[in-house]
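Residue-level listing of the chains:
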Amino acid sequence: MSYASLIATELRRAGVNLHTAGRLALTYVRSHPRKFGAVLLALLVCGVVVSFLLPTATDAPIDERRSVSLTTAQETGVESVIAIGEVRSLREAEVSVGQPGRVIGVYYSLGDFVGRGAIIAEIENSRERAGVSAGEATLQKAKSGVAAQSITEGQARAAVESQLGSSRATLASAYATIDDSISRKTDDMFSNATGIRPTLNIVTSNSNQKIVAENGRGAMSPILTRQALVNPYKLEETRVAQELDAAIKEAADVQTFISDLLQTLSGSIATNGMSEATISGYKALANAALASVQGARESMLRSREALIARRADLARVEGGLAATGTGQNADIQAAEAGLAVARAGLEQTLLRAPLSGTINTLNVTVGSFITPGQPVVYISNAAGLEVTVFLSERDIGSVKIGARAVVGGTTNGTVHKVADALDPRTRKAEIRIVLPENAPFVSGQSTTVAIERSATTQTSEVVLNLRSIKITPTGSYVFEVVEGKLRARPVTLGAVRGGTVVIESGVDNNTRIVSDARGLKEDQEVLVSN
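On a predicted model such as this, the values are computed, not experimentally measured, just so you know. (Residues numbered from 1 in each chain as written. Predicted model: local features only at pLDDT ≥ 70, side-chain atom pairs only at ≥ 80, totals over all residues. Heavy atoms only, no water.)

Participant: So what's going on with the environment of Arg 184? Residues and values would help.
Facilitator: Looking at the element boundaries, Arg 184 is found in helix H6 (residues 153–184). Classification of Arg 184 as exposed rests on a relative accessible area of 54%. In this structure the C-alpha to C-alpha distance between Arg 184 and Ala 289, which are 105 residues apart in sequence, comes to 9.3 Å. Within the structure, the side chain of Arg 184 is placed 3.1 Å from the side chain of Asp 179, a separation counted as a polar contact. (Helix = DSSP H or I, 4+ residues; strand = E, 2+ residues; numbered from the N terminus. Buried < 20%, exposed > 50% of the residue type's maximum accessible area, 1.4 Å probe, protein only. Polar contact = N/O pair within 3.5 Å; in protein donor to acceptor, adjacent residues only side chain to side chain.)

Participant: Please give an account of the confidence of the model for the protein that cites residues and values.
Facilitator: Across the protein, the average pLDDT comes to 80, with 81% of residues at 70 or higher. For the protein, helix H12 (residues 455–458) is the element with the lowest average pLDDT, namely 48, and strand S8 (residues 199–200) is the one with the highest, namely 92. Confidence drops under pLDDT 50 across residues 322–327; counting only partners more than four residues distant or on other chains, this segment forms six contacts. (pLDDT = per-residue confidence, 0-100. Contact = heavy atoms within 4.5 Å.)

Participant: Just give me the short version of the sheet that holds strand S6 (residues 119–123), but keep the residues and values in it.
Facilitator: Spatially, four strands are ordered S11-S6-S4-S13 in an open sheet, and the strand pairing comes out antiparallel. Whereas interior strands pair on both sides, the edge strands pair on one side only; in this sheet they are strand S11 (350–352) and strand S13 (369–370). Examined bridge by bridge, strand S4 (residues 101–106) and S6 share three bridges and lie antiparallel to one another. Bridge pairing in S6 links Val 106 to Ala 121. (Pairing = 2+ DSSP bridges.)

Participant: Can you lay out the side chain of Arg 217 for me, pointing to particular residues and giving the numbers?
Facilitator: With respect to the secondary-structure elements, Arg 217 resides in helix H7 (residues 207–228). Overall, Arg 217 belongs to the buried group, its relative accessible area being 1%. Each residue touching Arg 217, except ones within four places of it in the same chain, is listed here: Ile 182, Asp 187, Phe 190, Ala 193, Thr 194, Pro 198, Leu 224 and Phe 257.

Printed below as a string of structure tokens:
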């Protein structure tokens with residue numbers, strides 16, 4: 001029996017033993033190599049012949065044309081303005097001290113949450129605390145009904161006259177201080193300082209704060225005019241206290257004006273006509289003026305307190321009320337007034353949180369020296385957030401109030417403020433975008449912003465996406481499709497804006513072009529997919 005017959009027999013048996021068949025086949029190949037080679041060659045030839053004779057499923061021609069889409073300049077040029085912005089709180093406050101001094105205590109850290117009214121830091125205030133302690137003791141003594149000193153009616157009247165003279169001198173000094181602080185220390189910073197519309201001669205990125213300072217200077221003119229008409233030394237006795245009250249209020253208004261001016265100066269920008277040295281000089285003058293006015297106001301408060309006390313003494317002696325309830329009430333009122341003044345002085349030394357929120361800036365350390373109008377703490381409340389973005393001159397005109405913006409790639413916001421002027425140093429303008437409640441950001445965070453361009457800007461010029469431009473050493477082109485083939489159309493490029501470019505000539509907003517020119521060439525056959 002041949003080996004082939006033995007292999008066939010093994011395969012036909014039930015429960016074919018493949019191992020045995022394979023071993024027999026291998027033995028056959030080794031014994032008859034020429035026969036096996038001939039059989040294998042015959043099988044290969046048969047396979048080739050069959051492949052030519054039988055039809056295949058790939059006889060249909062393959063379309064190798066590239067698929068392209070068409071668009072217009074008006075469609076492809078519409079893109080958002082991309083920028084980096086900073087998240088800020090809509091409820092925020094800058095905190096500064098009321099008088100100059102050295103810091104003796106800082107009680108919170110950066111990032112801490114503080115409640116409204118919390119004391120964040122304080123400056124040297126041993127004298128003010130001693131004044132409060134003395135005021136509290138005086139009040140307690142008055143409440144206990146113990147007279148501090150027994151005086152005669154003549155002594156009491158002389159004390160009143162002496163205090164009236166002192167109060168008149170205090171008023172005259174305060175008026176001179178206020179006039180010097182405004183007319184000589186701050187008016188050089190303004191054009192038309194005494195006119196109807198004073199103009200601050202500095203450039204600042206915060207135009208609103210500048211307007212506040214200018215309006216404040218306008219409000220100073222009536223104060224200066226009124227005080228110039230008053231001769232404190234000729235005031236009748238009954239008018240001295242009234243004039244002290246009016247002057248104390250006016251001094252507070254002057255302090256507010258100078259504080260606003262200092263805040264504006266802190267954001268000022270040096271220019272060719274306004275050097276850093278000049279700005280620093282202005283700040284020094286304003287700080288000196290603020291300290292002078294504050295001292296004058298405190299002197300008037302003490303003078304009024306003393307006048308009230310001396311008149312109370314006289315009334316007590318005249319009525320024979322040295323030990324009566326009426327006399328005690330006058331003493332109590334005088335002591336309470338003195339304590340209020342002392343507490344107000346102490347409050348000027350404290351950095352107190354005006355609202356609840358998170359401390360995002362803390363530029364104060366123990367031992368540092370700070371001055372009024374110098375913001376050293378910044379507090380924000382995350383109940384409402386906005387994003388501040390600065391755009392270039394070429395982009396600012398394409399963004400309008402109400403435009404949609406995508407912040408951080410996921411959160412939709414709305415443009416609610418567009419600055420009407422550029423920062424002369426950076427040539428950029430401020431844009432503010434309000435965020436929805438519970439937006440996933442924190443104040444101070446930087447994030448990407450995509451702001452939708454306005455429709456009027458989009459159609460005012462021809463703008464194309466850079467992907468649709470074929471740029472070569474010999475020129476720039478876009479592709480049109482004519483009878484199924486690409487035709488190059490030369491274009492002149494203008495300003496590049498991020499991923500887009502202005503087309504100065506070659507196409508208009510209605511020209512239909514290939515949206516993506518990468519990898520394409522003229523006369524190439526294509527399929528239009530849209």
